[in-house]
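The chain contents come next:
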Amino acid sequence: SAASDVYKRQVYGASAVDATGAWVVRFPSGPGAPTALRRVGLDGRVLGDVEAPSTAQIAGFLGGRVVLQQFGRIWTMGLDGVVTPYATGVIAAVNGSSILWVGCDDRAACTYRLGTATTPDTRRTSLQTSYLFAYGGGEGGGIAGQNSLSPDAATLVGTVVNDRFDGQLRIVDLATGALLE
């Protein structure tokens, strides 16, 4: 059928450019198929290919690594295909050099945390955990990629604030939790 032909077509997208290159994503060609990723240098030279596990969602790219999430766990993966545990939590946004995620302690006290490629918990933010829906998760869903973290990881832009969606972009100061108008 025409619908299955469209579904089988390979779709590509450039997903992240950093100081050393870019990731190019080839989305799965069918159910259960892995997502293929190619790392390309700024000179156009192919640096390597890797497949993301079909059981994990690609959430972004951090420090030249792929960020994966599924079922409340976060991992990173390099060109060698090795998946490394990063944190237990849910991603709110990834900007290439920082990650904003929600993590909870053993007493169910949850906080938004900022991390780098090498350190998951560099600082806590003032955001209440109910303030924004996390990336593609949480009760009621959420739209993957609805939040954008500023390059300096000081602010977040999102459309879902205080559990309401009205389509308006909001800028939130991560240090204070204040809405910036």
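Note: the structure precedes this text.
How each quantity is defined
- Residues numbered from 1 in each chain as written.
- Predicted model: local features only at pLDDT ≥ 70, side-chain atom pairs only at ≥ 80, totals over all residues.
- Heavy atoms only, no water.
- Helix = DSSP H or I, 4+ residues; strand = E, 2+ residues; numbered from the N terminus.
- Contact = heavy atoms within 4.5 Å.
- Salt bridge = Lys/Arg side-chain N within 4 Å of Asp/Glu carboxyl O.
- Buried < 20%, exposed > 50% of the residue type's maximum accessible area, 1.4 Å probe, protein only.
- Pairing = 2+ DSSP bridges.
- Axes fitted to C-alpha atoms, helices over the stretch in contact; angles between N-to-C directions.

1. Regarding the side chain of Thr125
Then comes step 1: Turning to its location among the elements, Thr125 is positioned in the loop between β12 (123–124) and β13 (148–149).
Then comes step 2: With sequence-adjacent residues up to four places away left out, Thr125 is seen in contact with Leu100, Tyr112, Leu114 and Leu174.

2. Side note on the pattern of salt bridges
Then comes step 1: For the coordinates displayed, the defined rule picks out four salt bridges.
Then comes step 2: The partner of Asp121 in a salt bridge is Arg113, with the nearest N and O atoms 3.3 Å apart.
Then comes step 3: Judged by its relative accessible area of 28%, Asp121 is partly exposed.
Then comes step 4: What emerges from the salt-bridge pattern is a single network uniting Arg113, Asp121 and Arg124.

3. Let's talk about the sheet that holds strand β5 (residues 57–62)
Then comes step 1: The sheet built from four strands is open, its strands ordered β5-β6-β7-β8 with antiparallel pairing. Only two strands of the sheet have a single neighbouring strand rather than two, namely β5 and β8 (83–88). Pairwise comparison of adjacent strand axes, ignoring direction, gives a mean angle of 30 degrees for this sheet.
Then comes step 2: Relative to β8, strand β7 (residues 73–77) is paired through five bridges, and the arrangement is antiparallel. Paired with Trp75 across the strands is Pro85, a residue of β8.

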